[in-house]
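Report on the structure
Take a look at the letters that make up each chain.
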Amino acid sequence: MEYDFMNYPIAWLEWTGLHMSPWKIIGLTGALMFGGRWLVQFVASRKHGKPVIPRLFWYMSLVGSVMTLAYFLFSQKQDSVGVIQNLFPAFTAAYSLYLDIRHRGWKRDRASH
């Protein structure tokens, strides 16, 4: 069996007491990105004084879902609940991003919400 470095703790993090594999970092980064999109939406809505969903929200949704989905698919975790939990939001975010780009154009400076 060959060594699977993606599922073993990163050696240079051991001094911190953290035992994180590369897959764990990918999964956590995805989860933070997916959760952080709400902060982006909150700031944009506060700025405009009405509910606004900026394009960054959809990018963060898509990338966060795909990263977390990859963690649940390819790491030792391989949890079907995590796969389902992230599969549907990934498709929804990709479709919403497609609609946003189609509706507002690729290079828009300001949202016409």
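Below, the structure is looked at part by part. (Residues numbered from 1 in each chain as written. Predicted model: local features only at pLDDT ≥ 70, side-chain atom pairs only at ≥ 80, totals over all residues. Heavy atoms only, no water.)

**A look at the overall build of the protein chain**
Assigned secondary structure in the protein chain consists of three helices and zero strands. Secondary structure elements in the protein chain, listed N-terminal to C-terminal, are α-α-α. A compact globule built from 113 residues should have a C-alpha radius of gyration of about 13 Å, whereas the protein chain, at 17 Å, is more than 25% larger. Viewed in the frame of its principal axes, the protein chain has a C-alpha envelope of about 55 × 30 × 25 Å. Taking all 113 residues of the protein chain together, the buried fraction comes to 35%. Within the protein chain, contacts between residues separated by at least 24 positions form 52% of all contacts whose residues are at least 6 apart in sequence. On the protein chain, roughly 8,000 Å² of surface is accessible, and the fraction owed to carbon and sulfur atoms is 66%. In the protein chain, 12 positive and 6 negative side-chain charges are present, and the distance between their average locations comes to 20 Å. (Helix = DSSP H or I, 4+ residues; strand = E, 2+ residues; numbered from the N terminus. Rg over C-alpha atoms; globule rule 2.2 N^0.38 Å. Buried < 20%, exposed > 50% of the residue type's maximum accessible area, 1.4 Å probe, protein only. Contact = heavy atoms within 4.5 Å. Areas by Shrake-Rupley, 256 points an atom, 1.4 Å probe, with all protein chains shown as cover. Lys, Arg positive; Asp, Glu negative; His and termini not counted. Charge placed at Lys NZ, Arg CZ, Asp CG, Glu CD.)

**As for helix α1 (residues 22-48)**
Compared with the 39 Å implied by 1.5 Å per residue over 27 residues, the 39 Å span of α1 between its first and last C-alpha is a close match. Considered for burial, the residues of α1 that qualify are Pro22, Trp23, Gly27, Gly30, Arg37, Gln41, Ala44 and Ser45. Contacts from the buried residues of α1 go to α2 (55-74). (Expected span 1.5 Å × (residues − 1).)

**As for a nonpolar patch on the surface**
Among the surface-exposed residues, Ile84, Leu87, Phe88 and Phe91 lie close enough to one another that they form a single nonpolar patch of about 420 Å² accessible area. Relative to the elements of secondary structure, Phe88 occurs in helix α3 (residues 80-104). For Phe88, a relative accessible area of 54% puts it in the exposed group. (Patch = residues over 30% accessible without salt bridge, like charges linked within 9 Å, V, L, I, M, F, W, Y side chains within 5 Å. Salt bridge = Lys/Arg side-chain N within 4 Å of Asp/Glu carboxyl O.)

Such coordinate-based values are descriptive only and should not be taken to indicate function.
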